[in-house]
Protein chains: 2
Amino acid sequence: MKLLITGGGGFLGARLARTLLARATLAGERIDRMVLTDIAPPPPDLTADARVEARTGPLLTQTDALKTEPFDGVFHLASAVSGECELDFDLGMRSNLDSTRALLDALRAQVAAGGKVPRVVFSSSVAVFGPDPARPLPDVVADDTLPAPQTSYGAQKLICEHLVADYTRKGYIDGRAARLMTVTVRPGRPNGAASSFFSGIIREPLAGVESICPVSPDVSHPVSSPARTIDGLIAVYEAGREAFGGRLALNLPALNVRVADMLAALEEVAGPEVRARVRFERDERIAGIVANWPRGATAARAAKLGLAPHERFADIVRQYIDDCAALPDARETLKGLKR
Amino acid sequence: MKLLITGGGGFLGARLARTLLARATLAGERIDRMVLTDIAPPPPDLTADARVEARTGPLLTQTDALKTEPFDGVFHLASAVSGECELDFDLGMRSNLDSTRALLDALRAQVAAGGKVPRVVFSSSVAVFGPDPARPLPDVVADDTLPAPQTSYGAQKLICEHLVADYTRKGYIDGRAARLMTVTVRPGRPNGAASSFFSGIIREPLAGVESICPVSPDVSHPVSSPARTIDGLIAVYEAGREAFGGRLALNLPALNVRVADMLAALEEVAGPEVRARVRFERDERIAGIVANWPRGATAARAAKLGLAPHERFADIVRQYIDDCAALPDARETLKGLKR
């Protein structure tokens, strides 16, 4: 089978590609070819794999060529992040809405030309949910909570959910949209996302670096480890239409955790000196944004697919440490950890 | 003030234009200019009004020029109907999604150039609601029922609701989306809409013509008269932001009525001979579509704006008769009515 992963050079896309290549099969079929598109090239371990072809450049410049290229499956992860989309409205509309539409139309053109209907997993986001004056946000958002995006990013994700649903209803694709929870612990450097600190308060102390938590320890949020997020995307791909349960998007599993409990887990796993590198310094801008976010999420449909969140945040911290330990720069990323 | 009505040549658009011109003011301001865009020209009584300028052609060919033209208010009614959108997917995407986006971007460009933020009313539809395997449709849909479109038309309307909401959040427009119920009794000829019979079973018998009802007399549906629908669009325009109650779309008021009760009302108003011109002949295709429609709707937010549906369908029949009697072709449209 031939797969396309958009955003295949990003953190989640590369991790998904790595996981799939290691499995070698998807939905019972052997993975022969894997095309990774992204604005930046994927990591060298992926390009070294003979099955992988990397295509670098904006997705929107690549979709015309896709109109005549058959794929068995697509993971559509490419996206501008929420901070970028708030700062540059046109960038968000182009990167998230126009690119998704062009991708779906390319797949449809290929089907119209007699190709196989590709299975498509679209990565939506918990950012589709927010409060609206007419209807406050419930504490915990479910699969069927009424979405009310608070950001252009969330609006674009929600709009794409409905494009995927309608292209699926029309038989142009076999699409499924899965809402990703906040992925924690992300490796690398802090990014512009308001949610960046959810990774930072674990990652930086482990690297021996001070970290500032801009919100109260009582803030609660639905998070998911990178590994469970990838598991979720693969399970959603492999689910039969009926098992997926409808055309609308589903929530991926979340561990609903308070900042205070995240830090307690960090202390449990890495000790009090590591925990002590985090201090609280309220940032009104970030705290204001976070106050409009769900404090938790449920994922009843994902549970029926056998998907579950980590039960303890300490397990997520341990997974991050294990992931880092396997990488070449482990010395830097775990510099703060007495082992 | 200067107004734009897209779809201003259509039945609802022309009726809205006529109502506004007769009122002469909107939200306390005098209406000086009214631009009506549509693929067909508006009726002569409208073009005869010195305040009216008609622009004929697809909206998408007109939006570039709008980028430098300031408007105080916009009623965006232009739309391809559901039957067309199911038959021709690209037509629906172009007429409903691309045109709305281009209109919003034109208004935004005008604001970016220093113009006033225009107030925009977008006509969405009860077609945003439908059943989904993961979540059956409730019998009665409310403002905050989770939309699950069953048609491309419904999906496009829902997507545009969220575009309007996000452009509003960003301050590019002051937008409000209002979901129209099935407008009954529409004058004119049957059209391709699956809902066409809801008007046909009243309109044709009054014109002395036999009419076939393709669904069971037990079918219930949320309907609204043309006049109440126009009242709703105007009230939504005039509502303050807070009174509108949030950014998400609201339902316009509906009379939830069974086909059997519609026909009883016809008999009450026009007599048994008129009623006898309707016979039931089940059409599986139409009955199947209608089975996926809501059996009723509530409109709590619209009620707070002082909007109410007709309480009795007989009043809607009487309104249709009065409307027809005022028109030049009254003899034809009311041919079946003994007066």
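Residues numbered from 1 in each chain as written. Chains lettered and ligands numbered in written order. Predicted model: local features only at pLDDT ≥ 70, side-chain atom pairs only at ≥ 80, totals over all residues.

Along its length, chain A carries 15 helices and 16 strands. A globule of 339 residues ought to have a C-alpha radius of gyration of about 20 Å, and chain A, at 20 Å, matches this closely. Viewed in the frame of its principal axes, chain A has a C-alpha envelope of about 60 × 50 × 40 Å. In chain A, buried positions account for 52% of the 339 residues. Across chain A, the fraction of contacts at a sequence separation of at least 24, relative to all contacts at a separation of at least 6, is 76%. (Helix = DSSP H or I, 4+ residues; strand = E, 2+ residues; numbered from the N terminus. Rg over C-alpha atoms; globule rule 2.2 N^0.38 Å. Buried ≥ 20, exposed ≤ 12 C-beta atoms within 10 Å, placed from the backbone. Contact = placed C-beta atoms within 7 Å.)

Moving on, we get to the interface of chain A and chain B. Of the residues lining the interface, 23 residues belong to chain A; the matching set on chain B comes to 23 residues. With seven residues, helix α6 (residues 152–169) of chain A is the single largest residue contributor to the side of chain A that touches chain B.

All names here are of chain A. Assigned domains within chain A: domain 1 (2–183 + 223–251) and domain 2 (196–222 + 255–295 + 311–333). On the side of domain 2, eleven residues touch domain 1, which itself brings 15 residues to the contact. Of all the secondary-structure elements, those providing two or more residues to the side of domain 1 that touches domain 2 are β8 (140–141) and β12 (220–224). Residue composition of the side of domain 1 that touches domain 2, by class: nine nonpolar, five polar and one charged. (Domains from an automatic or database assignment. Nonpolar A, V, L, I, M, F, W, Y, C, P; charged D, E, K, R; others polar.)

Moving on: the packing of helix α5 (residues 89–112) of chain A against α6(A). Residue and element names in this part refer to chain A. Where α5 meets α6, the closest approach of the two axes is 10 Å, and the angle between their N-to-C directions is 10 degrees. Between α5 and α6, the interaxial angle falls into the category roughly parallel. Contacts from Phe-89, Gly-92, Met-93, Asn-96, Leu-97, Thr-100, Arg-101, Leu-104 and Arg-108 of α5 reach α6 at Ser-152, Tyr-153, Gln-156, Lys-157, Ile-159, Cys-160, Leu-163 and Tyr-167. Its residues assigned to classes, the contact of α5 with α6 comprises nine nonpolar, five polar and three charged. (Axes fitted to C-alpha atoms, helices over the stretch in contact; angles between N-to-C directions. Parallel < 35°, antiparallel > 145°, perpendicular 65-115°, else oblique.)

What follows deals with the environment of Val128(B). Residue and element names in this part refer to chain B. Tracing the sequence through the fold places Val-128 in the loop between β7 (119–125) and β8 (140–141). Separated by 194 residues in the primary sequence, Val-128 and Asp-322 place their C-alpha atoms 32 Å from one another. Excluding residues within four positions of it along the chain, Val-128 makes contact with Pro-147, Pro-149, Gly-154, Lys-157, Leu-158 and Arg-179.

So, on to the sheet that holds strand β13 (residues 250–251) of chain A. To summarise the sheet geometry, strands pair through backbone hydrogen bonds and adopt either a parallel or an antiparallel arrangement. Residues and elements named next belong to chain A. Taken in spatial order, the seven strands line up as β5-β4-β1-β6-β7-β9-β13 in an open sheet, and their pairing is parallel. A strand with exactly one partner marks an edge of an open sheet, and here the two such strands are β5 (52–56) and β13. Where strand β4 (residues 33–38) meets β5, five bridges bridge the pair, whose relative direction is parallel. Its bridge partner lying in β5, Val-35 is registered against Glu-53. (Pairing = 2+ DSSP bridges.)

On to the relation of the copies chain A and chain B, then. In summary, the two copies of the chain are related to each other by a rotation about an axis coupled with a shift along it. Once turned by 180 degrees and shifted 0.0 Å along the axis, chain A lies on chain B with an RMSD of 0.0 Å. Accordingly, the operation relating the two chain copies is best matched by a two-fold axis. (Least-squares fit on C-alpha atoms with pLDDT ≥ 70 in both.)

Our focus in this paragraph is the pairing of strand β6 (residues 73–76) of chain A. All names here are of chain A. Alternating residues of β6 divide into Gly-73 and Phe-75 and Val-74 and His-76, and every residue in both groups is buried. As paired elements, strand β1 (residues 2–6) and β6 share four bridges and run parallel to each other. Paired with Thr-6 across the strands is His-76, a residue of β6. As paired strands, β6 and strand β7 (residues 119–125) are joined by four bridges and run parallel to one another. Across the sheet, the residue bridging to His-76 is Phe-122, located in β7.

All names here are of chain B. Alternating positions in strand β14 (residues 255–258) separate cleanly, Leu-255 and Val-257 being buried on one face and Asn-256 and Arg-258 remaining unburied on the opposite face. Pairing analysis gives four bridges linking strand β12 (residues 220–224) to β14, with the strands arranged antiparallel. Bridge pairing links His-221 to Val-257 in β14.

The next thing to look at is the sheet that holds β12(A). Read across the open sheet, the three strands follow the order β10-β12-β14 (chain A); overall the sheet is mixed. Of all the strands in the sheet, just β10 (182–183) and β14 (255–258) of chain A have a single pairing partner and so form its edges.

With that out of the way, let us pick up unusual backbone geometry. Residues and elements named next belong to chain A. Between Thr-184 and the following residue, Val-185, the backbone shows a cis peptide bond with an omega angle of 10 degrees. With respect to the helices and strands, Val-185 occurs in the loop between β10 and α7 (196–206). Here the phi dihedral of Ala-27 falls at roughly 50 degrees; this positive angle occurs in a residue that is not glycine. Inspection of the secondary structure puts Ala-27 in the loop between β2 (25–26) and β3 (29–30). Overall, Ala-27 belongs to the partly exposed group, with 13 C-beta atoms counted inside 10 Å.

Moving on to helix α14 (residues 313–325) of chain B. All names here are of chain B. Relative to the 18 Å expected for 13 residues at 1.5 Å per residue, α14 spans 19 Å between its end C-alpha atoms, a close match to the ideal helical length. For α14, the full list of buried residues reads Phe-313, Ile-316, Val-317, Tyr-320, Ile-321 and Cys-324. Buried residues of α14 fall within an arc of 140 degrees about the axis and therefore sit on the same side. Considering only its buried residues, α14 is in contact with α7 (196–206), β14, α10 (259–270) and α15 (330–333). (Expected span 1.5 Å × (residues − 1). Arc of directions from axis to C-beta.)

Moving on: the environment of Phe11(A). Relative to the assigned elements, Phe11(A) resides in helix α1 (residues 11–23). In this structure the C-alpha to C-alpha distance between Phe11(A) and Val215(A), which are 204 residues apart in sequence, comes to 25 Å.

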